[in-house]
Amino acid sequence: MDLGSMDPLVEAILISFDESGNIDLGLKSQAVAYCQQIRENPTICRICIEKLRSCMFPQVRFWCLQTLHEVIRVNYSLMGSDEKDYVRNSVLSISFSKDAIVGILGAGAPAFIKNKLAQVIVSFIYFEYPGIWSSVFLDFLQNLNRGTDVIDMFCRILNVLDDELISLDYPRSPEEVAVSTRVKDSMRQQCVSQIVRAWYDTVTLHRDTEPELCSLVLDTMSRYISWIDIGLVANDAFVPLLFDLILLEGLSAQLRCSAAACISAIVLKRMDPQAKLSLLESLQIGRVFGLITSDDPELVSGVAVLLRDYTMEVLECLKRVTTEESRRQSVKLLDEVLPSVFYIIQKYEADSGFSIVQLLSSYVSTLKGVPSLNDKELHNIGQILEVIRSQIRYDPAYRDNLDSMDKIGIEEEVQMTDYRKDFLVLLRSVGRVAPDFTLMFIRNALISAVSSSLDRNVEEVEAALSLFYAIGESQNEDLLRCEEGLLSELVPMLLSTRFPCHSHRLVALVYLDIVTRYIKFVQVNIQYISMVLAVFLDERGIHHPNGNVSQRASYLFMRVVKLLKSNLVPFIETILQGLQDAIVRFTSTDYMSKALTGSEDGSHIFEAIGMLIGMEDVPMEKQSGYLSSLLTPLCQQVASLLSTSKVDREDESVKLAIIQQIIMAINALSKGFSERLVTARRPAIGHMFKKTMDILLEVLVVYPHTEPLRNKVVSFVHRMVDTLGESVFPYLPKALEQLLTESEPAEMVRFLMLINQLICKFNTSVQDIVEEVFPVIAGRFSHMIPMDAVLSGPGTNTEVFRELQELQKIFYTFLHVITMHGLSSVFLSPKGIGFLDQLVQLLLHTSCNHSDPLIRKACVQIFTRLIKDWCIGPHEEKVPGFQKFVIETFATNCCLYSVLDKSFEFRDANTLLLFGEIVLVQKVMYEKFGDDFLIHFVSRGFPTAHCPQNLAEQYCQKLQGSDVKALKSFYQSLIENLRLQQNGSLVFR
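What you see is a predicted model, and the numbers here were worked out from it, not measured in a lab.

S.K.: So, the overall build of the chain: which residues are in play, and what are the values?
M.R.: When its secondary structure is counted, the chain shows 49 helices and 2 strands. Taken along the three principal axes of its C-alpha coordinates, the chain extends 105 × 85 × 70 Å. By the burial criterion, 52% of the 989 residues in the chain qualify as buried. Surface accessibility of the chain: about 44100 Å² in total, with carbon and sulfur atoms responsible for 51%. Charge separation in the chain, taken as the distance between the mean sites of 93 positive and 119 negative side-chain charges, equals 4 Å.

Here you go:
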């Protein structure tokens, strides 16, 4: 391209639009900057019009039109009237001039040029119609006879007008809504009927010669039907024309679909339900039913949308009409159209916006409350259920992927799970309307699926099972426990059925989920317990070849045991025998490969066994035998592994993994044994767990720095605290000593959680233990987190800071637990007294400054309790100087200055809880210290906050009263008033 002799602006535009990659980036930047400079020229509109008329390059014409559009849209109010007239008349002449049409709007002109010209004209309409340019639509209507290019341009203008101003599909500002209303009202009065007539004439005249133009006209028309007089299009002229276009073979599918879209727009027109019903009936929609068998997918899609809209409107009429005759009329129309709708749904893919679920849900909702469904309605319900079944069925092409759970299989399962949600909601709605019919359908689907061909067997069975599982969510408790009805046939049938495809992961998983969901039926019908156990103990469950299924089966079996519990006592021997190999896997070094994967499916098996053999219904001798047969080999193996010398890294990691799995199994097993059983009723059982604890605590000695093992042992100690009660005390010193060898924040958090559990469970019984560990904990905490440490804000969103934040939070919980469980004397013990001053200062600082109001609340509560514990009366105290500190420092800083700060947000719920504690501690201080507190708080604190005397007196009255709620309400109002009087911020003293 030779640019040497070109106009500089043309050259710059061409360079800026060049996408060949051959233009230097620097030169391109200069070209863009030059174009922007020209845009700021006061005569830019004239420049653009001249270039539109003289330059043939599409890029230049587009740039000029784009610039005009932007100028009018942004700077219309700044344009002079002469400039507006010039631009308006110019773009209008471009739209009509034959010479211009050949160059700009002819058949070969790019669509983006035409659309941008339409945007320029619509910008004028926005500001000037009907006040200034009232003839804009008439100008075009009078020039439509100039040729199809003008018709095309007029349609584009109407479409852009709809997109940018009228359509409700886009959010509009209040100003745009007002302009839209103004334009539509004026068009209705002036020209809508003429525009509709032009549409009709154009389509009638050009249907055979210009199908694309006619399609454009009809697409435009379908946009406007929603707000023009329906009588202009729903009449004896237009409706027959539209149906002729739809039905006439030989016409393009595009044109036929455009005609169908117009009928859809007529159908969707908002109106009174009775009038709508008459309109729908007059359309005789049945004449298009035959088109759904067409070989043209585009035509079928267009007709499908029409039938969807028609059906939805009939359903809406059925809901809204008030007379029985109108209901019968609606049902008649519905019965006519539904077979075609079901045909489309079942034969074609459910995309292209067909809205299957919405339509079918709307139909089902019309049947709610109907006492007895007739044959036709039941037939339709059956069709809906068949649609659901077919839509939730997996594609056989992904069968192997879904079984092996490779990347493709995972993606397909995620997509199907999401896709199914709405269909399964629909299923449950159907189940509520026709419960027995739905269950019968599922029964037949299961029977059919079992006998289906191998190439569809997996998908058919999985879909039928998924239906059965989903419908269970809508079954009420009484139905699930009923001994009669279809469930009494379905559940046993399911339990006894061996599906040929049971080895497939999807089938096995949903099957196990179903058995678990309907276990309440088995609770009543205990004769099926043996069948349930067989499901979980054979290759359908825990012994399934797929590891994911086996893992899931273990978890679900644990849930089943929890529900059936005492009913399973006669089957304990059978269960233990069936699980023997699963147990052996945990007591054999052959399990190392499984252990290395980190899989924890075995723990659920042990938890289930623990719940079974831990029941008091089990005879003591058998219970001891069962537990011993499980614990003894596990403990022996741990002892053996601990006694062997360390080997190479790979073998050592295998050994650690096995120990970890065994601890986890024992931990899970112990969950089934209650404290009462192992300490009071059958202490021999408790003795076994104590021996186990002896062995497992050795893990901390041999592997003091192996975090995964430490975590598992800590978890086990937590469990033993709950199981053994106070009899765990002799084992605690060794455990706590070993756990304190690590001082990392995460380790300290776990240690403090254990201490908090001990205090909450045993209260003052663990005072000696707490007195021993408190100085160590306090010392390490002050070293890790100084009082002035900043743990929130920029740069603190790292793993290190998160661990410190968690440690800080659990440390304050630790202090809170100590004080609230009668152990505040720990702070005064010989080993703890050295940390008292540091501790009190830390609590003060935190109660006033911490960013988390809940942590501040805990600190205020600690002060409240310490005041109660250490301050006996106005002049009696256990801790010298504490009363003075509370009155002179804590009260003013925490209860006054901290709440005066604007960061104290009363609109925050947690801050309000903190404020409640701050008010309560004032009440406690007054009760303990009397006027010593009140006089200092009012005479020293209030003046610095510029508190008026009358409000100070009211505060005294409220504090001396008995209504804490009234005090809280008054104090909040007082603080808010003082904030308004503040000049600058107060500094804590």
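S.K.: Summarise the UniProt feature "domain: Exportin-1/Importin-beta-like" (unreviewed entry) in the chain; cite the residues concerned and give the values.
M.R.: Within this numbering scheme, the UniProt entry marks residues 110-263 as carrying the feature "domain: Exportin-1/Importin-beta-like" (unreviewed entry). Annotated as 73% helix and 0% strand, the span residues 110-263 places its first and last C-alpha atoms 31 Å apart.

S.K.: So, the environment of tyrosine 971: which residues are in play, and what are the values?
M.R.: For tyrosine 971, the location among the structural elements is in helix 49 (residues 964-981). Distance from tyrosine 971 to proline 396, taken between C-alpha atoms, is 70 Å for residues 575 residues apart in sequence. Not counting residues up to four positions away in its chain, the partners in contact with tyrosine 971 are Cys895, Leu896, Val899, Phe915, Val919, Gln922, Phe937 and Tyr955.

S.K.: Could you give an account of the layout of surface pockets, naming the residues involved and the relevant values?
M.R.: Each pocket or cavity is described by its volume, and for the largest pocket that value is around 660 Å³. The wall of the largest pocket is formed by 26 residues, among which Asp169, Ser222, Arg223, Ser226 and Ala265 lie closest to the centre. When the residues that make up the lining of the largest pocket are grouped by side-chain class, the tally is 11 nonpolar, 6 polar and 9 charged. The volume enclosed by the second largest pocket comes to roughly 500 Å³. Lining the second largest pocket we find 21 residues, and of these Thr417, Arg420, Tyr469, Val510 and Asp513 sit closest to its centre.

S.K.: Just give me the short version of the confidence of the model for the chain, but keep the residues and values in it.
M.R.: Of the residues in the chain, 93% reach a pLDDT of 70 or more, and the chain-wide mean stands at 90. Residue range residues 591-600 is modelled with pLDDT below 50. Its contacts to residues more than four positions away, or to other chains, number 19 contacts. Per-residue pLDDT stays below 50 along residues 984-989; that stretch engages in 12 contacts with residues further than four places along the chain or on separate chains.

S.K.: How would you explain unusual backbone geometry if you had to name every residue and give the values?
M.R.: Along the chain, tyrosine 129 connects to proline 130 via a cis peptide bond; the corresponding omega equals 0°. Mapping proline 130 onto the fold places it in the loop between helix 7 (111-128) and helix 8 (136-143). Positive phi is not limited to glycine here, since lysine 565 has a value of about 30°. Within the fold, lysine 565 resides in the loop between helix 29 (547-564) and helix 30 (572-578).

S.K.: How would you sum up the nonpolar core? Please name residues and give values.
M.R.: Judged by nonpolar contacts, the single largest core of 348 residues is most densely connected at Met187, Phe468 and Tyr955. Take this core: its biggest share by element is 12 residues, from helix 45 (residues 882-900). If near-sequence neighbours (up to four positions away) are discounted, phenylalanine 468 is found in contact with Ile442, Leu446, Leu487, Leu490, Val491, Leu494, Ile514 and Tyr518.

S.K.: So, the side chain of glutamine 757: which residues are in play, and what are the values?
M.R.: Residue position: glutamine 757 is located in helix 40 (residues 745-762). Engagement of the side chain of glutamine 757 in a polar contact is seen with the side chain of aspartate 722, the distance being 3.4 Å. Beyond its immediate chain neighbours, meaning those up to four positions away, glutamine 757 contacts His718, Val721 and Asp722.

S.K.: Quick one: what's the story with the pattern of salt bridges, residue by residue and with numbers?
M.R.: A side chain with one charge can pair with a side chain of the opposite charge if their charged atoms come near. Counted by the stated rule, this structure contains 41 salt bridges. Ionic pairing is found between aspartate 538 and arginine 498, a salt bridge with its closest N-O pair at 3.1 Å. Note that aspartate 538 is positioned in the loop between helix 28 (529-537) and helix 29 and arginine 498 in the loop between helix 25 (487-496) and helix 26 (505-517), a separation of 40 residues in sequence. The class for arginine 498 is partly exposed, based on a relative accessible area of 47%. A salt bridge links arginine 540 to aspartate 538, with the nearest nitrogen and oxygen atoms 2.9 Å apart. With a relative accessible area of 13%, aspartate 538 lands in the buried category. Here the salt bridges share partners, and the residues they tie into one network are Glu386, Arg389, Arg393 and Glu460.

S.K.: Summarise the packing of helix 47 (residues 931-944) against helix 48 (residues 949-960); cite the residues concerned and give the values.
M.R.: Closest axis-to-axis distance for the helix 47/helix 48 pair is 11 Å, and the angle between their directions is 155°. Taken together, the axis directions place helix 47 and helix 48 in an arrangement best described as roughly antiparallel. Of the two elements, helix 47 crosses helix 48, and the hand of that crossing is right-handed. Along the contact surface, helix 47 presents Phe933, Leu934, Phe937, Val938 and Phe942, while helix 48 presents Ala952, Tyr955, Cys956, Leu959 and Gln960. When the residues that make up the contact of helix 47 with helix 48 are grouped by side-chain class, the tally is 9 nonpolar, 1 polar and no charged.

S.K.: Go over helix 37 (residues 683-702), please, and point to the residues and values.
M.R.: Over its 20 residues, helix 37 extends 29 Å from the first C-alpha to the last, a length consistent with the 28 Å expected when each residue adds 1.5 Å. Of all the residues in helix 37, the buried ones are Ile685, Gly686, Met688, Phe689, Thr692, Met693, Leu696, Leu697, Val699 and Leu700. Looking at the buried side of helix 37, the elements it contacts are helix 34 (620-643), helix 35 (649-670), helix 36 (675-681), helix 38 (707-724) and helix 39 (732-739).

S.K.: Lay out helix 8 with the relevant residues and their values.
M.R.: Where burial is concerned, most of helix 8 is hidden: 6 out of the 8 residues are buried. Listed in full, the buried residues belonging to helix 8 are Val136, Phe137, Asp139, Phe140, Leu141 and Asn143. Those residues of helix 8 that are buried lie in contact with helix 5 (81-96), helix 7, helix 9 (148-166), helix 10 (174-190) and helix 11 (192-206).

S.K.: Talk me through the packing of aromatic side chains; I want residue IDs and the actual numbers.
M.R.: The full count for this structure, using the stated rule, is 37 aromatic pairs. Taking the centre distance of 5.6 Å and the plane angle of 10° together, the rings of phenylalanine 140 and phenylalanine 154 count as stacked. Here phenylalanine 154 lies in helix 9 and phenylalanine 140 lies in helix 8, a separation of 14 residues in the sequence. When sorted by exposure, phenylalanine 140 lands in the same class as phenylalanine 154, which is buried. Clustering of aromatic rings is evident, with ring pairs tying together Phe904, Phe906, Phe915, Phe933, Phe937, Phe942, Tyr955 and Tyr971. Taking NZ or CZ as reference, arginine 46 lies 4.1 Å from the ring centre of tyrosine 86, over its face. Taking NZ or CZ as reference, arginine 287 lies 3.7 Å from the ring centre of phenylalanine 243, over its face.

Reading the values: rules and limits
Residues numbered from 1 in each chain as written. Predicted model: local features only at pLDDT ≥ 70, side-chain atom pairs only at ≥ 80, totals over all residues. Heavy atoms only, no water. Helix = DSSP H or I, 4+ residues; strand = E, 2+ residues; numbered from the N terminus. Buried < 20%, exposed > 50% of the residue type's maximum accessible area, 1.4 Å probe, protein only. Areas by Shrake-Rupley, 256 points an atom, 1.4 Å probe, with all protein chains shown as cover. Lys, Arg positive; Asp, Glu negative; His and termini not counted. Charge placed at Lys NZ, Arg CZ, Asp CG, Glu CD. UniProt positions renumbered as here; feature names shortened; annotations may be inferred. Contact = heavy atoms within 4.5 Å. 1 Å grid on protein atoms, 1.4 Å probe; cavity = no way out; pocket = protein on both sides within 12 Å on 5 of 7 lines; lining within 4 Å. Points joined across faces, edges and corners; volume = space filled by probe spheres on them. Nonpolar A, V, L, I, M, F, W, Y, C, P; charged D, E, K, R; others polar. pLDDT = per-residue confidence, 0-100. Core = buried A, V, L, I, M, F, W, Y, C linked by side-chain atoms within 4.5 Å. Polar contact = N/O pair within 3.5 Å; in protein donor to acceptor, adjacent residues only side chain to side chain. Salt bridge = Lys/Arg side-chain N within 4 Å of Asp/Glu carboxyl O. Axes fitted to C-alpha atoms, helices over the stretch in contact; angles between N-to-C directions. Parallel < 35°, antiparallel > 145°, perpendicular 65-115°, else oblique. Left-handed = near helix turned anticlockwise from the far one by under 90°. Expected span 1.5 Å × (residues − 1). Phe/Tyr/Trp six-rings, centres within 6.5 Å; stacked < 30°, edge-to-face > 60°. Lys NZ or Arg CZ within 6 Å of the ring centre and 35° of its normal.

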